[in-house]
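Inside the fold
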Amino acid sequence: MAVDVSAPTSTVDLGPAAALSCRECGTRFPLGPVFACVECFGPLEIAYDFGSYEAEELRKRIESGPASIWRYAPLLPVPADVADKPNLNPGWTPLVKADNLGRELGFTAQLHVKDDSGNPTHSFKDRVVACAIEAARAFDFTTLSCSSTGNLAGAVGAAAARAGFKSCVFIPHDLEQGKVVMAGVYGGELVGIKGNYDDVNRFCSELIGDPAGEGWGFVNVNLRPYYGEGSKTLAYEICEQLGWRLPEQLVIPIASGSQLTKIDKGLQELIKLGLVEDRPYKIFGAQAAGCSPVSTAFKAGRDVIRPVKPDTIAKSLAIGNPADGPYVLDIARRTGGAVEDVTDTEVVEAIRLLARTEGIFAETAGGVTIGVLRKLVENGLLDPSKETVAINTGDGLKTLDAVSDAGLTVTIQPTLESFRAAGLAS
């Protein structure tokens, strides 16, 4: 089934996307709703024909585009008119100069937090779904679906509602209530499955091969090659917001590992296109200790990821058998980075630290990232004299239970005497 993409391979209009390419053996296939290579069963990803843009021409085109991920449409598997279609228009979220946090952690160089909690459903998942839904349109799917640890379920429900798709999403039955409500409010079907995320994902893979799933686009299964490309936009935005240059260090949370691998892919594309100067950068992965198969493998010097049963408050990262885990190891080692993990107690401390220093209320995944950032500095693996970007992927309002003891400092009577007695007077 290998194809020569120098010749037309599909009538599907997904912009510069030219073919699907196996990440393992390199075999190429026509664009379609498939995710695994029939030659070696390796994962498929998008291969592009970016044309003959001059770097300055492309940079100007991007800068004149909309304040969303669609400014990067020439680099994504989407049609040129994507911004005119009904979608949530995610992206272009703040890159915050985290000076207070940096001082507390001992940074002498600039520390930034890329705060993706400002997306339409308050997590980075809006980026990946936005790309997946364009593939769903191209392949004439009628129902959007996914397996999810929570954030993706909400992103799919919202995007489907806006675009006029039906939706049916599947989640572990014991997710945080905030994420359950946010996924269910959009009017699609929300199905709880008794088990963890890996059980949910296995079920979805079975449903794809059954007549009951006909016409369904599973954004993170049969549409996964297109879906994953949305994460590249984090890399694009960070570099553009830095004045078209690469950060020296990045700290990225790991669930399936796809976000980290696609950010690296995005950085490499910017280098090849001449949009940024090629210079060394290090990528660090962050996991919760209660679900740390990639961190464990990294520290042991192994190439094989041994699946684990998740047990952590960071449920959005609780994937015990991460599909992109081996590729995360490759990237961390290639760039001179590392993969580290933190306990649930450290996650909560980091959520509070980021909120107290920068006014950013992160969900538990963000607590993992900031907790690992602090740990990497303390153990000397991350250099605080180099410009660093840490990624917060979601809003703390989704995981209120993690910091449920926060609240009133004191209760007083409506009198000055009571106010002074409480020790609140300056």
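In this text, all values refer to a predicted model and were calculated from it rather than measured experimentally.

**As for the sheet that holds strand 7 (residues 166-172)**
- Pairing within the open sheet is parallel, and its 4 strands lie in the order 8-7-6-9. Because the sheet does not close on itself, it has two edges, and the strands there are strand 8 (189-193) and strand 9 (216-218). Taking the axes of each pair of neighbouring strands and ignoring which way they run, one obtains an average angle of 20° across the sheet.
- Relative to strand 8, strand 7 is paired through 5 bridges, and the arrangement is parallel. Following the sheet pairing, Val-169 is matched in strand 8 by Leu-190.
- The strands that helix 6 (residues 197-208) touches are strand 6 (143-147), strand 7, strand 8 and strand 9; relative to strand 7, the one it contacts most, it runs at about 145°.

**Describing a nonpolar patch on the surface**
- On the surface, a cluster of nonpolar side chains totalling about 400 Å² of accessible area is made up of Val-410, Ile-412, Leu-416, Phe-419 and Leu-424.
- In this fold, Phe-419 is placed in helix 14 (residues 416-421).
- A relative accessible area of 31% places Phe-419 in the partly exposed class.

**Describing the pattern of salt bridges**
- Overall, the coordinates contain 26 salt bridges when judged by the stated rule.
- A salt bridge links Arg-71 to Glu-240, with the nearest nitrogen and oxygen atoms 2.7 Å apart. Of this pair, Arg-71 sits in the loop between helix 1 (55-63) and strand 4 (95-97) while Glu-240 sits in helix 8 (residues 232-241); the two residues are 169 residues apart in sequence, bridging distant segments of the chain.
- Using a relative accessible area of 11% as the deciding quantity, one classes Glu-240 as buried.

**What to know about the confidence of the model for the protein chain**
- Across the protein chain, the average pLDDT comes to 94, with 98% of residues at or above 70.
- Scored below 50 in pLDDT, residues 1-9 shows 16 contacts in the model against residues more than four places distant or in partner chains.

**Observations concerning the nonpolar core**
- By size, the foremost hydrophobic cluster in this structure holds 84 residues, and its most contacted members are Tyr-226 and Leu-267.
- If we skip the residues at most four places from it in the chain, Leu-267 touches Ala-235, Cys-239, Leu-246, Leu-250, Tyr-281 and Ile-283.
- Of all hydrophobic cores here, the second largest spans 36 residues; its members include Ala-255, Val-342, Val-347 and Leu-382.

**Observations concerning the packing of aromatic side chains**
- In this structure the tally under the stated criterion is 5 aromatic pairs.
- Centroid distance Phe-139 to Tyr-226: 5.5 Å. Interplanar angle 65°. Geometry classified as edge-to-face. On the criterion of sequence distance, the pair formed by Phe-139 in the loop between helix 3 (125-138) and strand 6 and Tyr-226 in helix 7 (residues 224-228) is long-range, its members being 87 residues apart.
- Note on Tyr-226: relative accessible area 0%, which makes it buried.
- Between Arg-71 and the ring centre of Tyr-72, over which it is positioned, the NZ or CZ distance is 6.0 Å.
- If you follow Arg-71 out to its NZ or CZ, it ends over the ring of Trp-92, 4.1 Å from the centre.

Reading the values: the criteria
- Residues numbered from 1 in each chain as written.
- Predicted model: local features only at pLDDT ≥ 70, side-chain atom pairs only at ≥ 80, totals over all residues.
- Heavy atoms only, no water.
- Pairing = 2+ DSSP bridges.
- Helix = DSSP H or I, 4+ residues; strand = E, 2+ residues; numbered from the N terminus.
- Axes fitted to C-alpha atoms, helices over the stretch in contact; angles between N-to-C directions.
- Contact = heavy atoms within 4.5 Å.
- Patch = residues over 30% accessible without salt bridge, like charges linked within 9 Å, V, L, I, M, F, W, Y side chains within 5 Å.
- Areas by Shrake-Rupley, 256 points an atom, 1.4 Å probe, with all protein chains shown as cover.
- Salt bridge = Lys/Arg side-chain N within 4 Å of Asp/Glu carboxyl O.
- Buried < 20%, exposed > 50% of the residue type's maximum accessible area, 1.4 Å probe, protein only.
- pLDDT = per-residue confidence, 0-100.
- Core = buried A, V, L, I, M, F, W, Y, C linked by side-chain atoms within 4.5 Å.
- Phe/Tyr/Trp six-rings, centres within 6.5 Å; stacked < 30°, edge-to-face > 60°.
- Lys NZ or Arg CZ within 6 Å of the ring centre and 35° of its normal.

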